[in-house]
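# Working through the structure, step by step
Residues per chain, in single letters:
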Number of protein chains: 2
Amino acid sequence: MHRTKVRVVEGVLDANDTIAAANRADFARAGVRVVNLMSAPGAGKTALLERVLGELRDDGVRVGVLEGDVQGSLDADRLASLHVPVVQLDTDPGFGGECHLDANMVRSALPQLPLEELDLLVVENVGNLVCPAEFRVGEHARAMVCSVAEGEDKPLKYPLMFRACELVLVNKVDLLPHLDFDLDKLLGNLDAVHPGVERMLVSARTGAGVRAWRAWLARVAAWAEVAA
Amino acid sequence: MHRTKVRVVEGVLDANDTIAAANRADFARAGVRVVNLMSAPGAGKTALLERVLGELRDDGVRVGVLEGDVQGSLDADRLASLHVPVVQLDTDPGFGGECHLDANMVRSALPQLPLEELDLLVVENVGNLVCPAEFRVGEHARAMVCSVAEGEDKPLKYPLMFRACELVLVNKVDLLPHLDFDLDKLLGNLDAVHPGVERMLVSARTGAGVRAWRAWLARVAAWAEVAA
């Protein structure tokens, strides 16, 4: 039973990788770079995008967002007010609400996006620290947001997510004086599962550190295309 | 394609319900009541258990914990120091880390638990607001923890989770003075998806509200057995 299950799962992930490669080829043709943004629910993905998307656009980076949710368009509505192209992708018609985006869901949304007119597409994934890390969607880079309100142990409990990323945003640092939270312990746990991964201490609420986050997105937007 | 997928998923959930019913029958025979405790990562499930398990035991409620994680035993280690039976269940051997517990995983752990010697078993699920709500494990009641650090919109974004519960614990209320958070808005959103559901404002850090949480667990432990 167990071996059969593993084989089925590997088949699902193989199929996903094939579609992710097709997405990546479409992104290359359009000249758009893609960031897959992940986190637990409520860690602050949307708030961190609200902080930088308008300024990125003013800096000449043409940015769009693909907004993944189980249900509703609350986040897409927040971002649309920044006057950047936003497409909502609800996973609800799937598995009673899929807990992640996969390459095929992203592919289904691509025709609604003006890819040729974008330099950067941010895919905001469903809030979840497990499955989104298992499904590539054709992205060039992955960033994840980890809130200090979640505790220091999360890298050890969800290692695949923390290993899968090129950037870890440690958000809500304005709350540090009000928490029993040891920042050095979090960063030590991060280095234990992903040694030396780029990390930024940020607060979407106060704006601390968001300049570096904006600069990182601008750098990704300027990347030369390389093989997936 | 879509219809086939839905049928496969329904098959998975039907199989899960069958095993959940077998678990429930075992719980009934042993005279133990079971609570499925769910939340997003870092909302405070373990901390809220640490606050009450010792006192519950002192009050004569024989309590045990089944601790679900993707990987590791950090939470089980924390709870074992309270001198209650704790069994660790890691989902890692499955789907690159399953994002939820299902009835079969729980069933596989039952032989390690002294069910006959327990009045109450708390199943601490994997931190995730999507899939854990879809898989019953044979529990009598479900409780979920929602941290005020996660924002007011979570009931609208993850309605199945908030609808599936008999109790919603709103945790980390000690942080309210330091957040741009509208508690009335959260409670309004909660009533929009699950009108009138029992809710408690708590802080695992300060102990605010945990007496009501302990009393709720003691009440569940004393429930008469009813059909699942």
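Scroll up to find the structure this text is about.
Below or above, wherever it landed, is the structure these notes cover. (Residues numbered from 1 in each chain as written. Chains lettered and ligands numbered in written order. Predicted model: local features only at pLDDT ≥ 70, side-chain atom pairs only at ≥ 80, totals over all residues. Heavy atoms only, no water.)

### Things to note about the pattern of salt bridges
Enumeration over the complete set of coordinates arrives at 34 salt bridges over all chains. Here Arg214 of chain A ties to Glu55 of chain A by a salt bridge, and the two come within 2.5 Å at their closest N and O atoms. Residue Arg214 of chain A is located in helix α8 (residues 210-221), and its partner Glu55 of chain A is located in helix α2 (residues 45-58); the two are separated by 159 residues in the primary sequence. What makes Glu55 of chain A partly exposed here is its relative accessible area of 39%. Each member of the salt-bridge network shares a partner with another, and the members are Glu50, Asp69, Asp75 and Arg78 of chain A together with Lys157 of chain B. (Salt bridge = Lys/Arg side-chain N within 4 Å of Asp/Glu carboxyl O. Helix = DSSP H or I, 4+ residues; strand = E, 2+ residues; numbered from the N terminus. Buried < 20%, exposed > 50% of the residue type's maximum accessible area, 1.4 Å probe, protein only.)

### Structural notes on the relation of the copies chain B and chain A
Overlaying chain B on chain A yields an RMSD of 0.0 Å, the required transformation being a rotation through 180° with an accompanying axial translation of 0.0 Å. In short, the pair behaves as if placed about a two-fold rotation axis. No C-alpha of chain B approaches the rotation axis more nearly than that of Asn128 of chain B, which lies at 3.0 Å. Here 100% of the contact residues of chain B are again contact residues in chain A; the copies associate through an equivalent surface. (Least-squares fit on C-alpha atoms with pLDDT ≥ 70 in both. Contact = heavy atoms within 4.5 Å.)

### Notes on the pairing of strand β6 (residues 167-171) of chain B
All names here are of chain B. Counted residue by residue, β6 has five buried out of five residues, so it is predominantly covered. Of the two faces of β6, the one holding Leu167, Leu169 and Asn171 and the one holding Val168 and Val170 are both buried throughout. Sheet analysis places strand β5 (residues 141-147) next to β6, joined by five bridges and oriented parallel. Bridge pairing in β6 places Val145 opposite Leu169. (Pairing = 2+ DSSP bridges.)

### Regarding the sheet that holds β5 of chain B
Residue and element names in this part refer to chain B. If you walk across this open sheet you meet the seven strands as β3-β2-β4-β1-β5-β6-β7, and the pairing is parallel. Every other strand in the sheet has two partners, leaving β3 (86-90) and β7 (198-201) as the edge strands with one partner each. Ignoring which end each strand starts from, the neighbouring axes of this sheet average 20° apart. Inspection of the sheet shows strand β1 (residues 33-39) paired to strand β4 (residues 120-124) by five bridges, in the parallel sense. Bridged to Asn36 within β4 is Val123. Together, β1, β4, β5, β6 and β7 form the strand contacts of helix α8 (residues 210-221), whose direction differs from that of β1 by roughly 140°. (Axes fitted to C-alpha atoms, helices over the stretch in contact; angles between N-to-C directions.)

### Description of the nonpolar core
Core analysis: the biggest nonpolar cluster contains 58 residues, and Met144 and Phe162 of chain A together with Met144 and Phe162 of chain B have the highest contact counts within it. Contributions of two or more residues to this core are made by β5 (141-147), α6 (159-163), β6 (167-171) and α7 (183-193) of chain A together with β5, α6 (159-163), β6 and α7 (183-193) of chain B. Apart from the residues within four sequence positions on either side, Met144 of chain A is in contact with Met38, Leu129, Met161, Phe162, Cys165, Leu167, Val168 and Leu169 of chain A. (Core = buried A, V, L, I, M, F, W, Y, C linked by side-chain atoms within 4.5 Å.)

### Let's talk about the interface of chain B and chain A
Taken together, the contact pairs 42 residues of chain B with 42 residues of chain A. For the pair chain B and chain A, the two sides together bury roughly 3500 Å², of which 58% comes from carbon and sulfur. For the pair chain B and chain A, the number of links is six salt bridges. Where chain B touches chain A, the interface holds 13 residue pairs in polar contact (both at pLDDT 80 or more). Of all the secondary-structure elements, those providing two or more residues to the side of chain B that touches chain A are α1 (2-30), α3 (74-80), α5 (154-157) and α6 of chain B. Classifying every residue of the side of chain B that touches chain A gives 20 nonpolar, eight polar and 14 charged. (Buried area = accessible area lost by both parts, 1.4 Å probe. Polar contact = N/O pair within 3.5 Å; in protein donor to acceptor, adjacent residues only side chain to side chain. Nonpolar A, V, L, I, M, F, W, Y, C, P; charged D, E, K, R; others polar.)

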